[in-house]
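Here is how the chains run, residue by residue.
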Amino acid sequence: MARVTMTVNGKAVAGEVEGRTLLVQFLREGLGLTGTHVGCDTSQCGACVVHMDGAPVKACAVLALDADGAEVRTIEGMASADGTLSPLQQAFQDHHALQCGFCTPGMVMSAAALLAGNPRPSEHEVREYLEGNLCRCTGYHNIVKAIMAASGQGAAIAAE
Amino acid sequence: MYAFEFTRPQTVAAAVAALKGADAQALGGGQTLIPTLRQRLASPARLVSLAAIAEMRGVAAAGGVLTVGGGTTHAAVAREAAAPFPALARLAGRIGDPAVRSRGTIGGSLANNDPSACYPAAALAAAATIVTDRREIAVDDFFRGLFATALATGEIITRVRFPIPARAAYAKFLQPASRFALVGVFVAKSSAGVRVAVTGAAERGVFRWTAAETALAADFRPEAVKGLRMAAEGMIGDLHGSPEYRAHLVGVMTARAVAAA
Ligand SMILES: Cc1cc2nc3c(=O)[nH]c(=O)nc-3n(C[C@H](O)[C@H](O)[C@H](O)COP(=O)(O)OP(=O)(O)OC[C@H]3O[C@@H](n4cnc5c(N)ncnc54)[C@H](O)[C@@H]3O)c2cc1C
Ligand code: FES
Ligand code: FES
C-alpha cells in the first residue's frame, strides 16, 4: 500500500492505495464519490470521464498513484454548494439529454471540457468531441442539443 | 488486474534503473497498457510510470526538425505541432477520443506498434529517428512486425525526431468502434523523395508502399496512384473488412492523402 494525495473538487484528500488501484476505484470506493461510473472493461465507453489537471481523462485508465498531486474534478463538483445545477447540467435536464442516466456523468464532464476550451463549438465539433462517450439510450441528439444550448447556441438546432 | 509494485521516477536515468529488475515494465499514458492489465493479458511485477519525467515531454522545432518528447501526449502534439508540422498535429488530434489524447503518448504508441495505430505511419513516412535512453534508431530499422520493435527490454523512447516534410498529410479511414484506423496512409514529400506509409492494413503492421512512392516521386498528384493496385495477400481480414477491401482502401486513402498534402 502507498499513500496518495490529491485535490478532488477543491478539497485536499488522501488515502492508502495499492499500485493497481485505479483512479475510478479510489474516487468511488475510497472517497464514496459514486457519481463517476464504470461502464466497460476496455476504456471505450467514457462513463468514467473526470477532469485531471483540467483535461478530460478516463478514470478507469489512470492509476490512482499516477494522479498523486493532481487536481481532479468529478460530476459531484459540477453543481454549486447549495445544489444548484451548473448551466450545463441544467441544459441536460431541460433538453431530455438523459434517459437511464448511466452515461450522463461522463457526458457532462466531456462536454464541460469541450466548452472550457471551445465556448461556442459547432454541432459537428460537439459530436466529434463526444466520440469517446457512448450512450445506449438517447441516440445522442438531445445530448448535442443540450450542449449547444449550454453554449448559448440553442437556436442553432432549435428547428429540429 | 494482478498486483504489482508501482514507482514514478522523475528522471530518465532513474526510470532506466527501476526497469532493470526482472518483470518490470514502463507505463506511458496507460491507454493501452492499463486495459491490457485489467484483462489480465499482462502481469508485470513492477510498473515504472514515465508520467513525472519532465525531460521527456514537449515539442520543439528547429532547423527543419521537429523533436517530440517520448512522454508527450497526443493532445499536446495536436496543439504544439500545429504550426511547424500540421500533418502530424492533425494525426495526433484524431487519435481515439479527447480523453485518450489527454493521456496517451507518442512513445507508448510507437513502442506498442499496434498494426492499426496512427503514429507508426507518421514516423515511417517522415523518416523519423527514435531516440532512446541508450541509442538512436532509424525508423526503417525500428518496426519489426506485429506489436514488435527494435527496443530492448527496459529501453525507453525519450524523443522522436521528425525531419519536417515539405508536404505531408495523413488520411485515416476510421474504424468507428475502436476509433483506430481501418486503413491509414501518411504521405510525406521532402527533398529526399516521397515516402508512403500504410497502417491498419497489413498483418505485419505498418509498411511502406514503394510502388506508390515511385509513382508520386515522378508526379505528386492523386491521379498518379490511380492505376496502382495493392495486392490483397498479407492484408488483414476481419469482421470489419476483407483483405481485398483493405487493399482497395490503401489506394483510395493514398490518393486522399496526396490531395490533402
Ligand atoms: C478508445 C481508444 C481509442 C484509441 N484510438 C487510437 C487511434 O485511433 N490511433 C492510435 O494510434 N492509437 C489509438 N489508441 C491507442 C492510444 O494512442 C495509446 O495511447 C497508445 O497506443 C499507447 O500509448 P500510451 O502512452 O498510452 O502507452 P501505454 O499504454 O502506457 O504503454 C503501451 C506500451 O508501450 C510501452 N511504453 C510506454 N511508453 C514508453 C516509452 N516512452 N518508451 C518505451 N516503451 C514505452 C509500455 O511498456 C507498453 O508496452 C486508442 C486507445 C483507446 C483506449
Ligand atoms: S469505464 Fe468505460 S471508459 Fe472507463
Ligand atoms: S442515458 Fe442511458 S446510456 Fe446514456
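Calculation rules
Residues numbered from 1 in each chain as written. Chains lettered and ligands numbered in written order. Predicted model: local features only at pLDDT ≥ 70, side-chain atom pairs only at ≥ 80, totals over all residues. Heavy atoms only, no water. Pairing = 2+ DSSP bridges. Helix = DSSP H or I, 4+ residues; strand = E, 2+ residues; numbered from the N terminus. Axes fitted to C-alpha atoms, helices over the stretch in contact; angles between N-to-C directions. Contact = heavy atoms within 4.5 Å. Salt bridge = Lys/Arg side-chain N within 4 Å of Asp/Glu carboxyl O. Polar contact = N/O pair within 3.5 Å; in protein donor to acceptor, adjacent residues only side chain to side chain. Near = heavy atom within 4 Å. Areas by Shrake-Rupley, 256 points an atom, 1.4 Å probe, with all protein chains shown as cover. Nonpolar A, V, L, I, M, F, W, Y, C, P; charged D, E, K, R; others polar. Phe/Tyr/Trp six-rings, centres within 6.5 Å; stacked < 30°, edge-to-face > 60°. Lys NZ or Arg CZ within 6 Å of the ring centre and 35° of its normal. Buried < 20%, exposed > 50% of the residue type's maximum accessible area, 1.4 Å probe, protein only. Arc of directions from axis to C-beta. Expected span 1.5 Å × (residues − 1). Domains from an automatic or database assignment. Buried area = accessible area lost by both parts, 1.4 Å probe. Core = buried A, V, L, I, M, F, W, Y, C linked by side-chain atoms within 4.5 Å.

Chemist: Hey, could you run me through the sheet that holds strand β4 (residues 59–62) of chain B in this one?
Modeler: Strand pairing in a sheet takes place through backbone hydrogen bonds and is either antiparallel or parallel in direction. All names here are of chain B. Reading across from one edge, β4-β5-β8-β6-β7 is the order of the five strands in this open sheet, with antiparallel pairing throughout. Since the sheet does not close on itself, it has two edges, and those belong to β4 and β7 (136–138), each with one partner. Adjacent strand axes in the sheet meet at a mean angle of 20° when their direction is disregarded.

Chemist: Would you take a moment to explain the interface of chain A and chain B for this structure?
Modeler: How large an interface is tends to be reported as the accessible area lost when its parts come together. With 28 residues of chain A at the interface, the matching set in chain B holds 29 residues. At the junction of chain A with chain B, the criterion picks out six salt bridges. For B:Arg8, the salt bridge goes to A:Asp66, with nearest N and O atoms at 3.7 Å. Joining chain A to chain B, the criterion identifies 11 residue pairs in polar contact (both at pLDDT 80 or more).

Chemist: What am I meant to see in the site of ligand 1 here?
Modeler: The local shell around ligand 1 holds 33 residues, among which B:Ala26, B:Leu33, B:Thr105, B:Cys118 and B:Arg179 are the closest. Surrounding ligand 1 are residues belonging to chains A and B, so the site spans chains. One nitrogen or oxygen atom from the main chain of B:Gly29 is found 2.7 Å from an oxygen atom belonging to ligand 1. Within the contact set of ligand 1, an oxygen atom lies 2.8 Å away from a backbone nitrogen or oxygen of B:Gln31. In the complex, 95% of the free accessible area of ligand 1, which totals 960 Å², lies under the protein chains. Mapped by element, the contributors of at least two residues to the shell around ligand 1 are β2 (24–27) and α6 (106–112) of chain B. The dominant element in the shell around ligand 1, judged by the number of residues it contributes, is α6(B), at four residues. The residue makeup of the shell around ligand 1, split by class, is 13 nonpolar, 16 polar and four charged.

Chemist: Can you help me understand the packing of aromatic side chains in this one?
Modeler: Any two aromatic rings considered together are summarised by their centre-to-centre distance and by the angle between their planes. Residues and elements named next belong to chain B. Across all of its chains, the model carries four aromatic pairs over all chains by this definition. Linked through ring pairs, Phe-85, Phe-162, Tyr-170 and Phe-186 together constitute an aromatic cluster. The ring of Tyr-2 carries Arg-40 above its face, with NZ or CZ at 4.2 Å from the centroid. Across from the ring centre of Phe-220, 5.8 Å away, lies the NZ or CZ of Lys-189, which sits over that ring.

Chemist: I would appreciate a short explanation of the sheet that holds strand β12 (residues 207–208) of chain B in the present structure.
Modeler: All names here are of chain B. What the four strands build is an open sheet, ordered β9-β10-β11-β12; its pairing is antiparallel. Strand pairing shows two members of the sheet lacking a second neighbour, β9 (167–174) and β12, which therefore form its edges. Bridge count for strand β10 (residues 181–190) against strand β11 (residues 193–199) is seven bridges, and the pairing is antiparallel. Of the residues in β11, the one forming a bridge with Phe-186 is Ala-197. Each of β11 and β12 touches helix α8 (residues 210–218); the most contacted strand, β11, lies at about 145° to it. The strands that helix α9 (residues 243–260) touches are β9, β10 and β11; relative to β10, the one it contacts most, it runs at about 40°.

Chemist: Quick question: what am I supposed to make of unusual backbone geometry here?
Modeler: The backbone phi angle of A:His96 is positive, close to 50°, even though this residue is not glycine. In this fold, A:His96 is placed in the loop between α2 (87–94) and α3 (104–117). You can call A:His96 exposed: its relative accessible area is 57%. The residue B:Asn113 is not glycine, and still its phi comes out positive at about 45°. Note on placement: B:Asn113 falls in the loop between α6 and α7 (119–125).

Chemist: Teacher, can you tell me more about α8(B) here?
Modeler: Two residues of an α-helix separated by three or four positions point the same way, owing to the 3.6 residues in each turn. All names here are of chain B. When α8 is considered as a whole, its buried residues turn out to be Ala-212, Glu-213 and Leu-216. In a view along the axis of α8, the buried residues occupy a sector of 105°, so they form one face of it. The exposed residues of α8 that point more than 90 degrees off its buried face are Thr-214, Ala-217 and Ala-218. Buried residues belonging to α8 abut β11, β12 and α9.

Chemist: Would you mind going over α3(A) with me for this structure?
Modeler: Counted at 1.5 Å a residue, the expected span for α3(A) with its 14 residues is 20 Å, and the 20 Å between its end C-alpha atoms agrees. Counting buried residues in α3(A) gives 12 out of 14 residues, a clear majority hidden from the surface.

Chemist: Sorry, what's going on with the domain arrangement of chain A here?
Modeler: All names here are of chain A. Parsing chain A into structural domains produces domain 1 (2–77) and domain 2 (87–150). Relative placement of domain 1 and domain 2: their C-alpha centres are 21 Å apart. Taken together, the contact pairs 16 residues of domain 1 with 14 residues of domain 2. For domain 1, the biggest contributors to the area lost against domain 2 are His-37, His-51 and Ile-75; these three give 40% of the whole. Where domain 1 touches domain 2, the interface holds zero salt bridges.

Chemist: Could you clarify how one ought to interpret the pairing of strand β6 (residues 129–132) of chain B in this entry?
Modeler: In the case of a regular strand, side chains alternate between the two sheet surfaces. Residues and elements named next belong to chain B. Neither face of β6 is left uncovered, since the one carrying Thr-129 and Val-131 and the one carrying Ile-130 and Thr-132 both have all their residues buried. Pairing geometry for β6 and β7, over three bridges, is antiparallel. Directly across from Ile-130, in β7, lies its bridge partner Ile-137. Pairing between β6 and strand β8 (residues 157–163): four bridges, direction antiparallel. Opposite Thr-132, over in β8, you have Ile-157 as the bridge partner.

Chemist: Where do I start with the side chain of B:Ser116 in this structure?
Modeler: Considering the arrangement of structural elements, one finds B:Ser116 in the loop between α6 and α7. Ignoring sequence-local partners within four residues, the contact set of B:Ser116 consists of B:Phe180, B:Ala181, B:Thr199 and B:Gly200.

Chemist: Looking at this structure, how should I read the nonpolar core?
Modeler: Nonpolar side chains in soluble globular proteins tend to end up buried together. Residues and elements named next belong to chain B. Judged by nonpolar contacts, the single largest core of 40 residues is most densely connected at Phe-85, Leu-88, Leu-110, Tyr-119, Phe-162 and Phe-186. Going through the elements one at a time, β5 (65–69), α4 (86–92), α6, α7, β8, β9 and β10 are the ones with two or more residues in this core. Here the element with the most residues in this core is α7; it accounts for six residues. Excluding its chain neighbours within four sequence positions, the residues that come into contact with Leu-88 are Leu-66, Val-68, Val-77, Tyr-119, Ala-122 and Phe-162.

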